[in-house]
Amino acid sequence: MPTSHAGQPAAARPRDARLDVFRGLGMIIIMIAHVPWNLWSNFIPARYGFSDATEMFVFMSGMASALAFGRVFDRQGVGIGTARVVQRVWQVYWVHVAVFLVIAALVAVAGPMPFGDKTYMQELNLVPFFEDTATNLVGFLTLTYVPNYFDILPMYLVILALMPVVVVLARARLALALAFVAALWVAAQLRLLDLPAEPWSDRTWFFNPFGWQLLFFLGFFWMRGDLPAPRRASPLLLGACVAILVATVPFAYWPIFQAVDWAGAGREALAPVINKTRFGILRLVHFLALAYVALWVVDRWGGLLHNAPARVLAMVGRQTLAVFAVGLVVSRLAGIYLDFAGREPVTYAIANVAGIAALVATAWVVGWFKALPWKPKAAKPVPASADGAALKPAE
């Protein structure tokens, strides 16, 4: 909701259905993308452009944080707001630990893959962890050992930890906060803020949080009303966004850039500005263009946000942390299933549909628990007569 850093929060407004629907869609895309060698992943946005579901997750996490945490900063001050962020960091950290332990146990039990001479432990590059568990467990808990499959939540942890600093700067002056965010992004592009991902090599975090925080805080400040939203009725802007999306396809769709020399050379030349680790600037441009077109579509056909599939997506989008964690486990299980069952259209459908069903079920269960169904409901007040005596129902 739009607020003023110096004043009181603006009047509350209904929760934006677009936020939940697109967050839910992002969770499903991320699950599909994490299934190894998944045929369905050929149809996700990442195959046709520079941005993907990670951008959706980070940008909309910034928007959701503006609602969940920004209000606390506004109503109760920096101290309580920071405490609320610390609580969320604590929750995300232990989800990260739990997901790693579950998947590490899964690949240890799964043993060898049904083809070739590799094990599932080797496929996920967890052999070093099991060879020196004592050292690497400490590294994992201190985030100095971050395996590639488990890299999104650590990025999110660091970005969340930056929020109190950014909010304090914004309270002084919005330009200070935006300059700080931009400076961190520039430093990440110059590789001044790389974080070590493992002690035995010079590999760094796959997702550099100091690069990706730019997108998070754009969503944060846009949701708070500090950054103006573009006019969604502008044909000129819509045409420019569509042109950007079309122009990126030859450099993003692998059958084209691997077969066409100029597209391959162009992608190589664009590598620094489409870099996923440090969040290259063209990823931001592509994401904003895609977001504008998506908003134009749902504005034009508003029923898309309120039909049965949209309601399911919104339910998933309201429970992103639990759904994301389950999605990492489910996608790994789906990959193992495909290895043994074979990769055919029917088995792909079974793996992906079952995975989506697991995400939906997780969202429903978490929502049910959050509703505190065991808590006694307040009794309805008994209407009283004019003299104050309780009225009894007619015999």
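Per chain, residue numbering runs from 1 following the sequence as it is written. The predicted nature of this model means local features are confined to residues of pLDDT at least 70 and side-chain atom pairs, given and counted, to a pLDDT of 80 or more, with totals for whole chains, interfaces and linings taken over all residues. The side-chain values count all of the structure's non-hydrogen atoms but skip hydrogen atoms and water molecules.

Right, let's get into the overall build of the chain. By definition, any uninterrupted DSSP run of H or I lasting at least four residues is a helix, any uninterrupted run of E lasting at least two residues is a strand, and each is numbered from the N terminus. Each helix and strand counted, the chain has 15 helices and zero strands in total. Expected size for 395 residues packed as a compact globule is a radius of gyration near 21 Å; at 24 Å, the chain falls within 12% of this value. Judged by the C-alpha coordinates and their principal axes, the chain covers about 85 × 50 × 45 Å. Across the 395 residues that make up the chain, the buried fraction comes to 45%. In this analysis, two residues are considered to be in contact whenever any of their non-hydrogen atoms come within 4.5 Å of each other. Across the chain, the fraction of contacts at a sequence separation of at least 24, relative to all contacts at a separation of at least 6, is 71%. The Shrake-Rupley method, run with a 1.4 Å probe, gives the accessible areas here. Residue values count only the displayed protein chains as cover. Summed over its atoms, the accessible surface of the chain is roughly 19,700 Å², and 69% of this surface lies on carbon and sulfur atoms. Radius of gyration here uses only the C-alpha atoms, and the compact-globule reference equals 2.2 Å multiplied by the residue count raised to the power 0.38. For every residue, the accessible area obtained with a 1.4 Å probe (protein chains only) is divided by the maximum for its type, and the residue is called buried under 20%, exposed over 50%, and partly exposed between those limits.

Packing of helix H2 (residues 53-110) against helix H14 (residues 320-341) brings their axes to within 10 Å, and their N-to-C directions diverge by 10 degrees. Judged on the interaxial angle alone, H14 and H2 are roughly parallel. Residues Arg 88, Val 92, Val 95, Val 99, Val 102, Ile 103, Leu 106 and Ala 110 of H2 form the contact with H14, whose participating residues are Leu 321, Ala 325, Leu 328, Val 329, Arg 332, Leu 333 and Ile 336. Tallied by class, the residues present in the contact of H2 with H14 amount to 13 nonpolar, no polar and two charged. The axes are straight lines fitted to the C-alpha atoms, using for helices just the contacting stretch, and the angles between their N-to-C directions are given from 0 to 180°. Oblique is the label for any angle not under 35 degrees, not over 145, and not in the 65 to 115 range, which are roughly parallel, roughly antiparallel and roughly perpendicular in turn. Side-chain classes follow a simple rule in which Ala, Val, Leu, Ile, Met, Phe, Trp, Tyr, Cys and Pro form the nonpolar group, Asp, Glu, Lys and Arg form the charged group, and the remainder, Gly included, forms the polar group.

On the surface, Trp 364, Val 365, Trp 368, Phe 369, Leu 372 and Trp 374 cluster together into a nonpolar patch covering about 660 Å² of accessible area. The topology assignment puts Phe 369 in helix H15 (residues 345-370). Take Phe 369: its relative accessible area is 44%, and that puts it in the partly exposed class. Here a patch means residues that are over 30% exposed by relative accessible area and free of salt bridges, tied together within 9 Å if like-charged and within 5 Å if nonpolar (Val, Leu, Ile, Met, Phe, Trp, Tyr). We define a salt bridge as a side-chain nitrogen of Lys or Arg found within 4 Å of a carboxyl oxygen belonging to Asp or Glu.

Turning to H14, a few remarks are in order. How far a helix is expected to stretch is found by multiplying one less than its residue total by 1.5 Å. In a regular helix each residue adds 1.5 Å, so 22 residues correspond to 32 Å; H14 covers 30 Å between its end C-alpha atoms and thus fits that length. H14 sits mainly inside the fold: 16 of its 22 residues count as buried. Of the residues trailing H14, Gly 342 is marked for its positive phi of about 90 degrees.

What follows deals with the side chain of Arg 283. Turning to its location among the elements, Arg 283 is positioned in helix H12 (residues 281-300). Judged by relative accessible area, Arg 283 falls into the buried class, the value being 5%. Beyond its immediate sequence surroundings of up to four residues, Arg 283 is in contact with Phe 50, Ser 51, Asp 52, Glu 55, Trp 212, Val 273, Ile 274, Asn 275 and Lys 276.

Bringing the packing of aromatic side chains into the picture now. How two aromatic rings sit relative to each other is given by the distance of their centres and the angle of their planes. In this analysis, rings of Phe, Tyr and Trp, with Trp reduced to its six-membered ring, are considered paired at centre separations within 6.5 Å, and the interplanar angle assigns stacked below 30 degrees, edge-to-face beyond 60, and tilted for intermediate values. This structure, assessed with the given rule, holds 26 aromatic pairs. The interplanar angle of 25 degrees and the centroid separation of 4.1 Å between the aromatic rings of Phe 100 and Phe 140 together place this pair among those described as stacked. One end of the pair, Phe 100, is in helix H2; the other, Phe 140, is in helix H5 (residues 133-141), and 40 residues separate them in sequence. Comparing Phe 100 with Phe 140 shows no difference in burial state: the two are buried. Whether a charge sits over a ring comes down to the Lys NZ or Arg CZ being within 6 Å of the ring centre and within 35 degrees of the ring normal. Here the basic side chain of Arg 300 rests over the ring of Trp 301, its NZ or CZ set 5.5 Å away from the ring centre. Geometry around Tyr 149 places Arg 332 over its ring, the cationic atom sitting 4.7 Å from the centre.

As a further point, take helix H9 (residues 235-252). The first and last C-alpha atoms of H9 sit 26 Å apart over 18 residues, in line with the 26 Å expected at 1.5 Å per residue. Those residues of H9 lying buried are Leu 238, Cys 241, Leu 245, Thr 248, Pro 250, Phe 251 and Ala 252. Buried positions along H9 lie against helix H10 (254-257), helix H11 (261-270) and H12.

Another point: the pattern of salt bridges. Applying the stated criterion across every chain, the model contains eleven salt bridges. A salt bridge links Arg 283 to Asp 52; its shortest N-O distance comes to 3.4 Å. With Arg 283 in helix H12 and Asp 52 in the loop between helix H1 (17-34) and H2, this residue pair connects regions lying 231 residues apart in the sequence. Both residues of the pair, Arg 283 and Asp 52, count as buried. For Asp 339, the salt bridge goes to Arg 343, with nearest N and O atoms at 2.8 Å.

The next subject is the confidence of the model for the chain. By definition, pLDDT measures how confident the predictor is in each residue, and it falls between 0 and 100. Per-residue pLDDT for the chain has a mean of 89; in total, 92% of the residues score no lower than 70. Across residues 6-11, confidence stays below pLDDT 50; counting only partners more than four residues off in sequence or on other chains, it has eight contacts.

The definition of a nonpolar core used throughout is a set of buried Ala, Val, Leu, Ile, Met, Phe, Trp, Tyr and Cys residues joined through side-chain atoms within 4.5 Å. Ile 103, Leu 126, Met 163 and Phe 217 are the most contacted members of the largest nonpolar core, which totals 100 residues. Cys 241, Leu 245, Tyr 292 and Val 293 belong to the second-largest nonpolar core, a separate cluster that totals six residues.

The next point concerns the side chain of Thr 362. Tracing the backbone through its elements, the reader meets Thr 362 in helix H15. Overall, the relative accessible area of 15% leaves Thr 362 in the buried class. Ignoring anything within four residues of it in the chain, the contact list for Thr 362 reads Ala 322, Val 323 and Val 326.

Another aspect to go through is unusual backbone geometry. Although it is not a glycine, Trp 37 adopts a positive phi angle of roughly 50 degrees. Along the chain, the position of Trp 37 falls in the loop between H1 and H2. Exposure remark for Trp 37: the relative accessible area of 73% places this residue in the exposed category. The backbone of Arg 191 shows a phi angle near 60 degrees, a positive value even though the residue is not glycine. Along the chain, Arg 191 falls in the loop between helix H7 (174-189) and helix H8 (209-223). Accessibility expressed as a relative area gives 46% for Arg 191, which makes it partly exposed.

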